[in-house]
Amino acid sequence: MQDDRPVDDLDEAAARAELARLAERLARADLAYHRDDAPEITDAEYDALKARNRAIEARFPALKRTDSPSDKVGAPLAEGFAKVRHAVRMLSLENAFEPADVIDFAQRVRRYLGLGDGPLAFTAEPKIDGLSLSLRYEAGVLTQAATRGDGEVGENVTPNARTVADIPHRLPAGAPDLLEVRGEVYMSHADFAALNARQAGRGERTFANPRNAAAGSLRQLDAAVTASRPLRFFAYAWGALSAPLAATQSGALERLSQFGFPTNPLTALCPTTEAMLARYAAIERDRASLGYDIDGVVYKVDDLALQQRLGVRSATPRWAIAHKFAAELAWTRLAAIDVQVGRTGALSPVARLDPVTVGGVVVSNATLHNEDYIAGRGADGRPIRGGRDIRVGDRVQVFRAGDVIPKVADVDLSLRPGDAAPFAFPDRCPRCGSPAVREPGDAVRRCTGGLICPAQAVEKLKHFVSRGAFDIEGLGARQIEMFFADELLPIREPADIFTLEARDAANPVRLADRLGYGAVSARNLFAAIAAARRVPLARLLFGLGIRHLGEVASADVARHYGSWEALTAALDRARPAALAHRAADEAEAAERAAAGAEGRRARARAVRDAATMGVPVEAAEEWRDLVTADGVGPVVALSLSDALANPRERASIDRLVAELRVLPPEARAEASPVAGRTVVFTGTLERMTRAEAKARAEQLGAKVAGSVSARTDYLVAGPGAGSKARDAERLGIPVLDEAGWLALIGGEGPAP
DNA sequence: CAGCCTCGAGTTCC
DNA sequence: CTCGAGGCTG
């Protein structure tokens, strides 16, 4: 098939065949690289194929194909599926594992709504184990189908969804003009077994479980393949709507059913918590005979107006919860315990297991959490598993928490080998040999090597290029490992990434000829790095990987200071106060340790006073400004201060920042009149609870504070307001009543 | 000061 | 996805 003759030796027919072969070969390589993230040829080979394609086209211009690979420039755009931004975010659900969690949930809802013992109904429906899908209908016609993705952005699988018999292509008259229907795509047990038999008969891959089969079938580039797979669908929710479906969850499901969507027949309305739990028991009892996989029961507040008042937290709604069935368990042998070193130096023990199937997936690794967990102690020091420890060679019980993360749950002492010794958790870093210490009250042991430790250094770099940070295309975890180990063109700290191209240019052998790179891929990498030089302050901060500064805290700090210069200047000024704060903490700890010894206590206090007293007023004020900032407390503040004050670390950061153009945080451009304002609520609110008022205000971009200060913009005072109202008056801050507040934010109350 | 909620950091397999 | 812990609220 393959034609290796020099281009000049090809006749027209051979050239035509070779162009077809190259087009197919390159398209396959593009998919493997970009969609599956699993390159099947090296970049050099890829470049060579492209070069040959171009050479043949140059000699036989008339034969150039309409789908010529030459027309696809650089990083091919051949992504498997187009990305789709969901008009309304697809949320995930909070989980409950025990009846007590469900009772808690119902109580939380009551408290939040201020319902007392009044009536409150929930729907209960089986939680289908498939993959969620959002179907968009415009003017009654299915126009788009998208997978959940990360909840914000999913994949466009419209042609595939059209092949699913349960999904209507058109809606009857009376359906809203715009309607996004959400539900679960799944495969029945019978269809799954038949499909696997068919696959096996043809020598093709079989699927581990119905969910994987459903996911694999829906995410086919060729919708004809999807059409040949027996997929089904249950509708259970909705996204964007031009008109409300009903006043209740159950009513809305009824409407969806009238529109032609299958809804689950086991769905029931439960007037009490007891009814919810009874429904759970009934569904669990029928689980095996349903004919499809379910992994729990979902409860939702039935009244949609109440759902709206409850609103959503960062990723989950307050008005629903998933009551999961007990996880499937499996027994296997613990072959070894490895200890990994994370970016913060945390030593994490990982169980290497004899492979075993748990819940349809073969598991060979599982987390062991920390040294206490192995020893049979919980976080509070109390025995877990009846105090049984875990030893290499033991028979252990494994389950997948949340059906995902494998964990070792238990151990069978009766089968323990006679020579099994208790696991000795290392007190030195397994990678760099530095002492590994456990701070008092901390559950994890950490390597103290800092950036000396290659494990920490490389994990920090991986974090630096990760999604929420610099997110450099073509520079992922694998590439970081490679460059970290490379002698000729190393990346050992973040700044090295941005000097990569210049250093490469000075090398005798270029990247384009090494490490599996070709001219195209090397150029693409340098371009992606160049693009990453312009970086928002929040991403820079997060990328630095400073302990306790995650995505949210980084954004908070960035917004607080506005620029890198302002941030570093402020932190440098605050440093003496930070040190004093640490000294005070340590003195206090010493004091506690020497409880009873009056003399020592006095000495500790003296140390603290001394540490606090010498601090310049300016430093104390700057420190105070930091610790009182939104989302920042003493722990976060101290961690940030330490990172910037450490000479080695600071030098590395300065080298990095010199390579960058740091962009200021975006001002929150909200249309709401209260965006960016600080509001304080006091007194009794009559039309909403305090929690609700706060959530609503924050949703509109306002900050809700607990006490009135000069920075407060509005005080919302209900009946019974006391000192806060007087404070506001004294400070000349506008005071609104509840009606005035609702008028200001424009609406009767909680709006969509 | 206690409990709640959210965030951070850890992990697996596809 | 879960656990632990930091920060905020009542």
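In this text, all values refer to a predicted model and were calculated from it rather than measured experimentally.

Novice: Where do I start with the protein's contact with DNA strand B in this structure?
Specialist: For DNA strand B, the set of nearby residues contains 23 residues, the closest of which are Arg313, Thr344, Ser348, Ile405 and His548. The sugar-phosphate backbone supplies 93% of the atoms of DNA strand B found within 4 Å of the protein. Between DNA strand B and Arg343, the relevant distance is 2.9 Å, taken from a phosphate oxygen to a side-chain nitrogen or oxygen of the residue. Between DNA strand B and Ser364, the relevant distance is 3.0 Å, taken from a phosphate oxygen to a main-chain nitrogen or oxygen of the residue. Counting residues per element, the ones that place at least two in the surface near DNA strand B are strand E13 (347-358), strand E14 (361-367), strand E16 (405-411) and helix H18 (551-561).

Novice: Could you clarify how one ought to interpret the nonpolar core in this entry?
Specialist: Note on soluble globular proteins: their nonpolar side chains tend to be buried together. Counting 63 residues, the largest nonpolar core has Phe470, Ile472, Phe483, Ile497, Phe498, Leu540 and Trp564 as its most contacted members. Grouped together as the second largest cluster of nonpolar side chains are 34 residues, Leu135, Ala175, Leu179 and Ala235 included.

Novice: Please clarify how the sheet that holds strand E5 (residues 141-147) should be interpreted in this entry.
Specialist: Strands pair in a sheet through their backbones, by hydrogen bonds, and they do so in one of two ways: parallel or antiparallel. Pairing within the open sheet is antiparallel, and its four strands lie in the order E5-E4-E7-E8. Whereas interior strands pair on both sides, the edge strands pair on one side only; in this sheet they are E5 and strand E8 (232-241). Across this sheet, the average inter-strand angle for adjacent strands is 30°, counted without regard to direction. One ladder, built from eight bridges, connects strand E4 (residues 131-138) with strand E7 (residues 178-186); its direction is antiparallel. Residue pairing for E7: Glu138 is matched across the bridge by Leu178. Contacts between helix H8 (residues 249-258) and the sheet are confined to E7 and E8, with E8 contributing the most and set at about 115° to the helix.

Novice: Before we go on, may I ask you to explain helix H5 (residues 189-201) in this structure?
Specialist: The end-to-end C-alpha distance of H5 is 18 Å, a good match for the 18 Å that 13 residues give at a rise of 1.5 Å each. Within the sequence span of H5, burial applies to Phe192, Leu195, Asn196 and Gln199. On an axial view of H5, the arc spanned by its buried residues comes to 100°, and they lie on one face. Counted as exposed and oriented over 90 degrees from the buried face of H5: Ala190 and Gly201. Residues of H5 that are buried make contact with helix H6 (210-218). A positive phi of about 75° marks Gly203, the residue just after H5.

Novice: I keep staring at unusual backbone geometry and nothing clicks. Help me out?
Specialist: Peptide bonds are, in most cases, trans, and in most cases residues other than glycine have a negative phi. Even without glycine at this site, His369 takes up a positive phi of about 65°. As for its placement among the helices and strands, His369 is situated in the loop between E14 and helix H11 (371-375). Despite not being glycine, Leu515 has its phi angle at roughly 55°, a positive value. Tracing the sequence through the fold places Leu515 in the loop between helix H15 (500-505) and helix H16 (519-531).

Novice: Explanation requested: helix H13 (residues 477-485) in the structure shown.
Specialist: Along an α-helix, a turn takes 3.6 residues, which lines up residues three or four apart on a common side. All buried positions along H13 are accounted for by Gln479, Ile480, Phe483 and Phe484. Angular distribution of buried residues about the axis of H13 spans 135°; they occupy a single face of the element. In H13, the exposed positions angled more than 90 degrees off the buried face are occupied by Arg478 and Ala485. Looking at the buried side of H13, the elements it contacts are helix H12 (454-464), H15 and H16.

Novice: Please clarify how the environment of Glu155 should be interpreted in this entry.
Specialist: Mapped onto the elements of the fold, Glu155 is located in strand E6 (residues 153-155). Glu155 gets classed as buried once you look at its relative accessible area, which sits at 15%. Along the chain, Glu155 and Lys324 lie 169 residues apart, while their C-alpha atoms are 27 Å from each other. Beyond its immediate sequence surroundings of up to four residues, Glu155 is in contact with Phe81, Ala82, Lys83, Val84, Ala145, Ala146, Thr147 and Arg219.

Novice: I'm lost on the side chain of Asp372 in this one. Help?
Specialist: For Asp372, the position within the fold is in helix H11. The exposure class of Asp372 is buried, given its relative accessible area of 9%. At a separation of 2.9 Å, a polar atom in the side chain of Asp372 contacts the side chain of Arg438.

Rules behind the numbers
- Residues numbered from 1 in each chain as written.
- Chains lettered and ligands numbered in written order.
- Predicted model: local features only at pLDDT ≥ 70, side-chain atom pairs only at ≥ 80, totals over all residues.
- Heavy atoms only, no water.
- Near = heavy atom within 4 Å.
- Polar contact = N/O pair within 3.5 Å; in protein donor to acceptor, adjacent residues only side chain to side chain.
- Helix = DSSP H or I, 4+ residues; strand = E, 2+ residues; numbered from the N terminus.
- Core = buried A, V, L, I, M, F, W, Y, C linked by side-chain atoms within 4.5 Å.
- Buried < 20%, exposed > 50% of the residue type's maximum accessible area, 1.4 Å probe, protein only.
- Pairing = 2+ DSSP bridges.
- Axes fitted to C-alpha atoms, helices over the stretch in contact; angles between N-to-C directions.
- Contact = heavy atoms within 4.5 Å.
- Expected span 1.5 Å × (residues − 1).
- Arc of directions from axis to C-beta.

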